[in-house]
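Single-letter residue listing:
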Amino acid sequence: WEHRRYEVDRKIIQVETGTDVGEDYSVDFLEPNYALTPESEVLLWDWRFKTGLASKQDWFDMNNPDASKEDRQRFEQLQSENSENNKPQNRLLNILASNGSN
């Protein structure tokens, strides 16, 4: 649908202005919003994450359905880096390590 709409918009611009915007012209249409309040949306996604029905990648895809492959890969890489940095500390190993250095 977006591609057909793009061609219609492009033709309208061409007829109305007498110029062709060319192949580089792009349009990013808004995605439909199903009238959730921000609080309801947060609760819904939180529930999906906790129950394993959705991942952060699912959230990204839902909010960025026309993201490029590179954008998706960047998001995946950021999530991977964040999970590496936020790994829970092993308290027992930390205690043993600190006792061994005394």
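None of the values given here were measured: they were computed from a predicted structure. (Residues numbered from 1 in each chain as written. Predicted model: local features only at pLDDT ≥ 70, side-chain atom pairs only at ≥ 80, totals over all residues. Heavy atoms only, no water.)

Time to look at the pattern of salt bridges. All told, the structure shown has 7 salt bridges when counted by the stated rule. Measuring nitrogen to oxygen at the nearest pair gives 4.0 Å for the salt bridge that ties R10 to E7. In this pair, R10 and E7 are both assigned in helix 1 (residues 2-17), 3 residues apart and thus about one turn of the helix distant. Owing to a relative accessible area of 42%, E7 belongs among the partly exposed residues under this scheme. When salt bridges that share partners are traced, they join E7, R10 and D20 into one network. (Salt bridge = Lys/Arg side-chain N within 4 Å of Asp/Glu carboxyl O. Helix = DSSP H or I, 4+ residues; strand = E, 2+ residues; numbered from the N terminus. Buried < 20%, exposed > 50% of the residue type's maximum accessible area, 1.4 Å probe, protein only.)

On to the packing of aromatic side chains, then. Aromatic rings considered in pairs are described by the distance between their centres and by the relative angle of their planes. Scanning the entire structure with this criterion turns up 2 aromatic pairs. Look at W45 and F49: their rings are 5.7 Å apart centre to centre, the planes differ by 40°, and that puts the pair in the tilted class. Here W45 pairs with F49, and both are found in helix 2 (residues 38-51), just 4 residues apart, close to one helical turn. With a relative accessible area of 8%, W45 lands in the buried category. Over the face of the ring belonging to W45 we find R48, whose NZ or CZ atom lies 4.6 Å from the ring centre. (Phe/Tyr/Trp six-rings, centres within 6.5 Å; stacked < 30°, edge-to-face > 60°. Lys NZ or Arg CZ within 6 Å of the ring centre and 35° of its normal.)

Here we come to the packing of helix 2 against helix 3 (residues 56-63). Running from amino to carboxyl end, helix 2 crosses helix 3 at an angle of 140°, the nearest separation of the two axes being 10 Å. Judged on the interaxial angle alone, helix 3 and helix 2 are oblique. Contacts between helix 2 and helix 3 involve E41, W45, R48 and F49 on the former and, on the latter, K56, D58, W59, M62 and N63. Residues belonging to the contact of helix 2 with helix 3 are distributed by class as follows: 4 nonpolar, 1 polar and 4 charged. (Axes fitted to C-alpha atoms, helices over the stretch in contact; angles between N-to-C directions. Parallel < 35°, antiparallel > 145°, perpendicular 65-115°, else oblique. Contact = heavy atoms within 4.5 Å. Nonpolar A, V, L, I, M, F, W, Y, C, P; charged D, E, K, R; others polar.)

Let us now look at the environment of R48. Within the secondary structure, R48 sits in helix 2. Residues R48 and D58 lie 10 residues apart in sequence; the distance between their C-alpha atoms is 9.9 Å. Ignoring anything within four residues of it in the chain, the contact list for R48 reads L53, A54 and M62.

Here we come to helix 1. Between its terminal C-alpha atoms helix 1 stretches 22 Å, which fits the 22 Å expected from 16 residues at 1.5 Å a residue. Taken together, the buried positions of helix 1 are occupied by Y6, D9 and R10. The arc enclosing the buried residues of helix 1, seen along the axis, measures out at 100°, which places them on a common side. Residues of helix 1 that are exposed and point over 90 degrees away from its buried face: R4, K11, V15 and E16. (Expected span 1.5 Å × (residues − 1). Arc of directions from axis to C-beta.)

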